[in-house]
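Each chain, letter by letter, is given below.
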Amino acid sequence: MATSKLAIVTGGNKGIGYAIVKALCEKFDGDVYLTARDVGRGEAAVGRLNELGLKPKFHQLDVTDIVSVAAFAKFVADKYTGIDVLVNNAAIAFKAAATDPFGVQAEETIRVNYFALRTVCDALFPLLLPGARVVNLSSSAGRLSVIPGEELRRTLSSSLLTIDELDTLMRQFVEKAKSGDHEKSGWPSSAYCVSKVGVSALTFIQQRAFDVDPRTDIVINSVHPGYVDTDMTSHKGPLTIEQGAEAPVYLSLLPAGEQNVKGRYVWNDKTIKDWYTC
């Protein structure tokens, strides 16, 4: 079993995920795993980093496939003592010109961006070591104020909200989107926004659980990486992928005993935002 430290990045073959892997290879003292759904694309990304003198490792991981997630978790458990850094980056966004019915967009976006992330957390959180750092990629679109409904905002912001209740809310949005009643029910007409609100709210719940976990000093934060020049933004963002990686990498490498940047919603300039009012 390897004794080296371990960092994992989901969706690491391109865009911000790729830049996060690159920066961790430069700054993290341990093995860095670039994971991707497509083996060919993942191995090609590792090859490009090898050409820069960096040595990431690769493992296939389709976050939407429970068999793939379970296989990866078993690989990690068999090979390493545990996980030091986990960056949940994999996500999708439908383009503005997409012709898919909104109900279809809602179901697929929530499935990938929220529930698949939940699946990865369920599989890998038991392997986190004391002092581990977890980063959930959210977005400026993932702030509470994008939700029009006052009652929904109140529920989502409750310190008593549970993961089961949050799951139910995400499923409710999908159901309302399919029936065309989402706006009447207080939801916005952006599946991406709802998915990232879900990720942000989930992060707060997860930190509350880690605060009473016998494994000490596990810290999780959600982050808006900025408006970055990637496929997801149709290359309209002004920031480079390296700039988009800065805040996620900063959160991945927070020093031991960190008490301030903990269970927070962090902006791309590394400042803490009040998720409830920003």
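Residues numbered from 1 in each chain as written. Predicted model: local features only at pLDDT ≥ 70, side-chain atom pairs only at ≥ 80, totals over all residues. Heavy atoms only, no water.

**Section: the packing of aromatic side chains**
Applying the stated criterion across every chain yields a total of 11 aromatic pairs. Geometrically, the ring pair formed by Tyr33 and Tyr80 is edge-to-face, given 5.9 Å between the ring centres and 90° between the ring planes. With Tyr33 in strand β2 (residues 31–36) and Tyr80 in the loop between α3 (66–79) and β4 (83–88), the pair connects residues that are 47 residues apart, well separated along the chain. The pair Tyr33 / Tyr80 is uniform in exposure class, with both members buried. Pairwise contacts between aromatic rings join Tyr33, Phe72, Phe75 and Tyr80 into one cluster. Stacked on the ring of Trp267, the Lys or Arg Lys273 has its end atom at 5.6 Å from the ring centre. (Phe/Tyr/Trp six-rings, centres within 6.5 Å; stacked < 30°, edge-to-face > 60°. Helix = DSSP H or I, 4+ residues; strand = E, 2+ residues; numbered from the N terminus. Buried < 20%, exposed > 50% of the residue type's maximum accessible area, 1.4 Å probe, protein only. Lys NZ or Arg CZ within 6 Å of the ring centre and 35° of its normal.)

**Structural notes on the side chain of Gln105**
The residue Gln105 is located in helix α4 (residues 102–124) in this model. Among the polar contacts listed, one links the side chain of Gln105 to the backbone oxygen of Asp100, at a separation of 2.9 Å. Not counting residues within four places of it along the chain, the set of residues in contact with Gln105 comprises Phe94, Ala98, Asp100 and Ala191. (Polar contact = N/O pair within 3.5 Å; in protein donor to acceptor, adjacent residues only side chain to side chain. Contact = heavy atoms within 4.5 Å.)

**Examining the pairing of β2**
With 6 of its 6 residues buried, β2 lies for the most part within the structure. Here β2 shows a buried face lined by Asp31, Tyr33 and Thr35 and a second buried face lined by Val32, Leu34 and Ala36. The handedness of the strand β1 (residues 6–9) to β2 crossover, carried by helix α1 (residues 15–27), is right-handed. As a crossover connection, the stretch from β2 through helix α2 (residues 39–51) into strand β3 (residues 57–60) is right-handed. (Right-handed = clockwise from strand over helix to strand, strands pointing away.)

**Topic: the packing of α4 against helix α7 (residues 191–211)**
Where α4 meets α7, the axes come as close as 8 Å, and the angle between the chain directions of the two elements is 20°. One element, α4, and the other, α7, form an angle in the roughly parallel class. In this structure, α4 meets α7 at a crossing whose hand is right-handed. In contact with Phe102, Gln105, Ala106, Thr109, Ile110, Asn113, Tyr114, Leu117, Arg118 and Cys121 of α4, α7 contributes Ala191, Tyr192, Val194, Ser195, Lys196, Gly198, Val199, Leu202 and Gln206. Looking at the contact of α4 with α7, its residues break down into 11 nonpolar, 6 polar and 2 charged. (Axes fitted to C-alpha atoms, helices over the stretch in contact; angles between N-to-C directions. Parallel < 35°, antiparallel > 145°, perpendicular 65-115°, else oblique. Left-handed = near helix turned anticlockwise from the far one by under 90°. Nonpolar A, V, L, I, M, F, W, Y, C, P; charged D, E, K, R; others polar.)

**Digging into the nonpolar core**
Ile8, Ile83, Leu124 and Leu166 are the most contacted members of the largest nonpolar core, which has 55 residues in total. Sorting the residues of this core by element identifies β1, α3, β4, α4, β5 (128–137), α5 (150–156), α6 (163–179) and α7 as the ones contributing at least two each. Counting residues per element, this core draws most heavily on α7, which supplies 10 residues. Core analysis: the next-biggest nonpolar cluster, separate from the first, contains 34 residues, Leu24, Ala36, Leu49 and Val135 among them. (Core = buried A, V, L, I, M, F, W, Y, C linked by side-chain atoms within 4.5 Å.)

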